[in-house]
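# Secondary and tertiary structure notes
Residues per chain, in single letters:
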Amino acid sequence: MEEGIEKIYLKKEEVGLLINKLKKYSFDEFLKTDHYELSLLSKGTDENELKVIYSKFELIKLIMLRKRKSGYGNYDYYYELSKGNYCLFAIHFPEKGVPELVNAFISNTIFKNFLKFVIKKYGRKMI
């Protein structure tokens, strides 16, 4: 199975439904994967900063559904931050059990530039 972006959600209604799915959980309820832990260390991300950002659901401007090589999918939630950069939370919602926080980090990339790239490259997958 090939890994890649399956769908991109930009419409307010679709994004709202996926945000509601996220709102059911606090940051501390997620299972943290090894990849998440390694990402924190390698990128020097402050987990306390992620906890503060997580509950600011109004900052979510883009959501992508990503399929992994192993076959499962996760949602990438992109929060546009005040300095113009963004924060990503990659979360897998299994059919049963507790959701997994696959990755989370703050990017120094300007969100609007990133969004232009996404639209150009994956526009046909937008919902």
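Structural data are supplied above this passage.
Keep in mind that what you see is a predicted model, and the values were worked out from it rather than measured.

The rules we used
Residues numbered from 1 in each chain as written. Predicted model: local features only at pLDDT ≥ 70, side-chain atom pairs only at ≥ 80, totals over all residues. Heavy atoms only, no water. Pairing = 2+ DSSP bridges. Helix = DSSP H or I, 4+ residues; strand = E, 2+ residues; numbered from the N terminus. Contact = heavy atoms within 4.5 Å. Axes fitted to C-alpha atoms, helices over the stretch in contact; angles between N-to-C directions. Phe/Tyr/Trp six-rings, centres within 6.5 Å; stacked < 30°, edge-to-face > 60°. Buried < 20%, exposed > 50% of the residue type's maximum accessible area, 1.4 Å probe, protein only. Lys NZ or Arg CZ within 6 Å of the ring centre and 35° of its normal. Salt bridge = Lys/Arg side-chain N within 4 Å of Asp/Glu carboxyl O.

Quick look at the sheet that holds strand 2 (residues 31-32) now. Strand pairing in a sheet relies on backbone hydrogen bonds. The paired strands run either parallel or antiparallel. Read across the open sheet, the six strands follow the order 1-3-4-5-6-2; overall the sheet is mixed. Only two strands of the sheet have a single partner each, and these edge strands are strand 1 (4-9) and strand 2. Sheet analysis places strand 1 next to strand 3 (residues 60-67), joined by five bridges and oriented antiparallel. Bridge assignment links Y9 to a residue of strand 3, and that residue is I63. Relative to the sheet, helix 1 (residues 12-23) contacts strand 1, strand 3, strand 4 (73-80) and strand 5 (86-92), its axis offset from that of strand 4 by approximately 105 degrees. Strand contacts of helix 4 (residues 111-122): strand 1, strand 3, strand 4 and strand 5, with the helix running at about 45 degrees to strand 3, the strand carrying the most contacts.

This part covers the packing of aromatic side chains. Scanning all chains against the criterion turns up 15 aromatic pairs. For the ring pair F30 and Y54, a centre distance of 5.6 Å and an interplane angle of 85 degrees mean the geometry is edge-to-face. Of the two residues, F30 sits in the loop between helix 1 and strand 2 while Y54 sits in helix 3 (residues 47-54), which places them 24 residues apart along the sequence. In this structure F30 comes out as buried when scored by relative accessible area, which is 4%. Here the aromatic cluster, defined as three or more aromatic residues joined through ring pairs, consists of Y9, Y25, F27, F30, Y54, F57, Y75, Y77, Y79, F89 and F93. Seen from the ring of F27, K32 lies directly overhead, with NZ or CZ sitting 4.7 Å from the centre.

Further remarks concern the pattern of salt bridges. A full pass over the atoms with the stated rule returns three salt bridges. Linking E80 and K112 is a salt bridge whose minimum nitrogen-to-oxygen distance equals 3.1 Å. Placement of E80 in strand 4 and of K112 in helix 4 is noted, with a sequence separation of 32 residues between them. Residue classification places E80 among the buried residues on the basis of a relative accessible area of 16%.

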